Amino acid sequence: MTSLLDTTTRSLHRIALDKQREGRVPGLFAGVCRGGELAWGDGIGVAEIGSERAPGPDDQFLVASNTKTFTAVMVMQLRDEGRLTLDDLLGDHLSEVSHPITIRQCLAHVSGMAREPLGDVWETLEQPTAKELRRDFDEVERILRPHERWHYSNVVYAMLGQLIEELDGRPWAESLRVRLLEPLEMRRTTNGFDDGPHATGYYVAPYDDVPRIEPVMDLRAMAPCGGLASTASDLARWSAFVADPPSELLSPDTMEEMCQPQILLNSQLWTGAMGLGFFLMRSSAGRTWVGHTGGMPGHITGVFTHRESGTGSIVLMNATVTPGPDALAIELGDHVVEHDPVEDGPWQPGAELPEEYRPILGRWFSEGHPFVFSVEQGKLQARIDLPGAAKLPPSVFERESDDVYRTVSGRERGELLRVTRATDGSVTKLNWATYLFTREPIAFGEHLDA
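Since this is a predicted model, take the numbers as computed values, not measurements.

Procedures and definitions
Residues numbered from 1 in each chain as written. Predicted model: local features only at pLDDT ≥ 70, side-chain atom pairs only at ≥ 80, totals over all residues. Heavy atoms only, no water. Core = buried A, V, L, I, M, F, W, Y, C linked by side-chain atoms within 4.5 Å. Buried < 20%, exposed > 50% of the residue type's maximum accessible area, 1.4 Å probe, protein only. Helix = DSSP H or I, 4+ residues; strand = E, 2+ residues; numbered from the N terminus. Expected span 1.5 Å × (residues − 1). Polar contact = N/O pair within 3.5 Å; in protein donor to acceptor, adjacent residues only side chain to side chain. 1 Å grid on protein atoms, 1.4 Å probe; cavity = no way out; pocket = protein on both sides within 12 Å on 5 of 7 lines; lining within 4 Å. Points joined across faces, edges and corners; volume = space filled by probe spheres on them. Nonpolar A, V, L, I, M, F, W, Y, C, P; charged D, E, K, R; others polar. Pairing = 2+ DSSP bridges. Axes fitted to C-alpha atoms, helices over the stretch in contact; angles between N-to-C directions. Parallel < 35°, antiparallel > 145°, perpendicular 65-115°, else oblique. Contact = heavy atoms within 4.5 Å. Phe/Tyr/Trp six-rings, centres within 6.5 Å; stacked < 30°, edge-to-face > 60°.

Trainee: Which residues make up the nonpolar core, and what are the values?
Mentor: The biggest cluster of nonpolar side chains holds 102 residues, and the ones touching the most others in it are L90, L107, F137 and F241. No other element matches the nine residues that helix α6 (residues 154-168) contributes to this core. Among the nonpolar cores identified, the runner-up in size contains 18 residues, and W364, A382, V419 and F437 belong to it.

What follows is the structure in structure tokens.
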């Protein structure tokens, strides 16, 4: 493990211990990770009643719906390979489906589809086979209009697993192994428990303190929505992937796309949104944590990543009823980002200043507001010059043609910046997303009178 300050680790231990005691959780493992490794991890309680062994970083827990983030990434890999578009109907690729729902709607839980497959699957604990899932999907009720509100649907993610199988020509679990688990060296992430050490799942009733062992379900065709078991060590690698994916596995732009809000989770609270496969949770400190939670009988888990700092937080609990895994993971992660931040590297001088940028640099005004154009590491960039704006990333431009630049990140991403020059090469005005930029502040119509 990389190390954190002793004061930080003591605080993290107290937070985790308080939650374990408050929630009467038999065993809990909590970890904070950076760069694919645990910077801190602590097992509290026991992995199995009757033993004295605390859960460790290499104990498997059922991570349940955290599985959906893996399924979503594979769908986006297929999109990037040109095998589908997000606005394709699910039925364009699965002939059994007549519901007019798009792949994008499925990923963001805005399809309006009911939560579960046919039958009382959480009473019987019997899940459908792939044949039954496909055969019966059109009988699953569409209970809402698309995009009307966020409504979680396990059955839709199971069908995304069928989509992956259809397009990849192999079982979902095999696609997962080849596409993600082997490249990321996640050797203890499996469809259900492997033969290694794992935590036993329990139910602790509200009026006594004697844990009951919970059954381990066979999810069958529902595995793509919640079938994985994993360890804190493996999930640290997954968090690093979410923070900064290797381009050979997933374009960083695609991960950024997945982390853009599609709909609020709760329109009254405004503290969380849904991306494409990921929850986007806003902490009390104002940070956005990207990840998911999971719940199976006897196992409740949460994995969240603060992408800007590359910090991940993992909570694995072997009980059916626990403290909220998202709130606990984010509380632990926020504490580390706040009190033990990654140290910034030293300022590095640039090597070149392209001559064409020289007349652009400095202060410009648009709509009465000041903007500063500058060069960093050879890249032209711009920021609005107002209090608090320094905390936001700058807009960065790339040259498209003479005096035409594309905004590739930051404010007005995708828009063009056009530079107008006098005969002597000096810059007389800028037009960014068509808005006029001048060296002196002017009213909208003032330049028309000049």
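Trainee: Before we move on, could you go through α6 and cite the residues and values that matter?
Mentor: Relative to the 21 Å expected for 15 residues at 1.5 Å per residue, α6 spans 21 Å between its end C-alpha atoms, a close match to the ideal helical length. With 13 of its 15 residues buried, α6 lies for the most part within the structure. Capping of α6 at its N-terminal end is provided by S153; its side-chain oxygen lies 3.2 Å from the backbone amide nitrogen of V156. Residue G169 follows α6 closely and has a positive phi angle near 70°.

Trainee: How would you summarise the layout of surface pockets if you had to cite specific residues and measurements?
Mentor: Taken as a whole, the largest pocket spans an internal volume of roughly 1100 Å³. No other element matches helix α10 (residues 252-258), which puts three residues into the lining of the largest pocket. Of the residues belonging to the lining of the largest pocket, the class tally is nine nonpolar, seven polar and nine charged. Of the pockets and cavities examined, the second largest pocket occupies roughly 330 Å³. What lines the second largest pocket is a set of 21 residues, and nearest its centre among them are S65, R115, Y152, N154 and G295. Counting only elements with at least two residues in the lining of the second largest pocket, the list comes to α8 (223-226) and β11 (288-296). Ranked by residues supplied to the lining of the second largest pocket, first place goes to β11 with five residues.

Trainee: Account for the sheet that holds strand β16 (residues 379-384), naming residues and giving values.
Mentor: Strand order in this open sheet of eight strands is β14-β15-β16-β17-β18-β19-β20-β21, and the pairing throughout is antiparallel. Both outer strands of the open sheet, β14 (362-366) and β21 (435-437), are each paired with one neighbouring strand and no more. Averaged over all neighbouring strand pairs, the angle between strand axes comes to 30°, with direction disregarded. Relative to β21, strand β20 (residues 427-432) runs antiparallel, the two sharing three bridges. Directly across from N431, in β21, lies its bridge partner L436.

Trainee: Outline the packing of α6 against helix α7 (residues 172-181), supporting the account with residue identities and numerical values.
Mentor: Running from amino to carboxyl end, α6 crosses α7 at an angle of 75°, the nearest separation of the two axes being 9 Å. It follows from the interaxial angle that α6 and α7 lie roughly perpendicular. Residues G161, I164, E165 and D168 of α6 lie in contact with α7, whose contacting residues are W172, S175 and R179.

Trainee: So, the packing of aromatic side chains: which residues are in play, and what are the values?
Mentor: A full pass over the atoms with the stated rule returns twelve aromatic pairs. Each ring, one from F371 and one from F437, has its centre 5.1 Å from the other, and the planes form 70°; the classification is edge-to-face. Pair noted here: F371 is in strand β15 (residues 369-376) and F437 is in strand β21, with a separation of 66 residues, a long-range link. We note that F371, like F437, is buried. Taken together, a centroid distance of 6.0 Å and an interplanar angle of 15° make the contact between F373 and F397 stacked.

Trainee: Summarise the sheet that holds strand β7 (residues 228-230); cite the residues concerned and give the values.
Mentor: Taken in spatial order, the three strands make up an open sheet running β3-β7-β4, and their pairing is antiparallel. Edge positions in the sheet fall to β3 (61-64) and β4 (190-191), since each has one partner strand and no second. Looking at chain direction, β3 and β7 are connected through three bridges and run antiparallel. The partner of A64 across the bridge, within β7, is L228.

Trainee: I'd like to hear about empty space enclosed by the protein, residue by residue, with values.
Mentor: Under the criterion given, the structure shown has one cavity of 30 Å³ or more. By volume, the largest cavity is sized at about 50 Å³. Lining the largest cavity, in full, are N66, T69, W238, S239, V242, F278, V290, G291, H292, V303, F304 and T305. Its residues assigned to classes, the lining of the largest cavity comprises six nonpolar, six polar and no charged.

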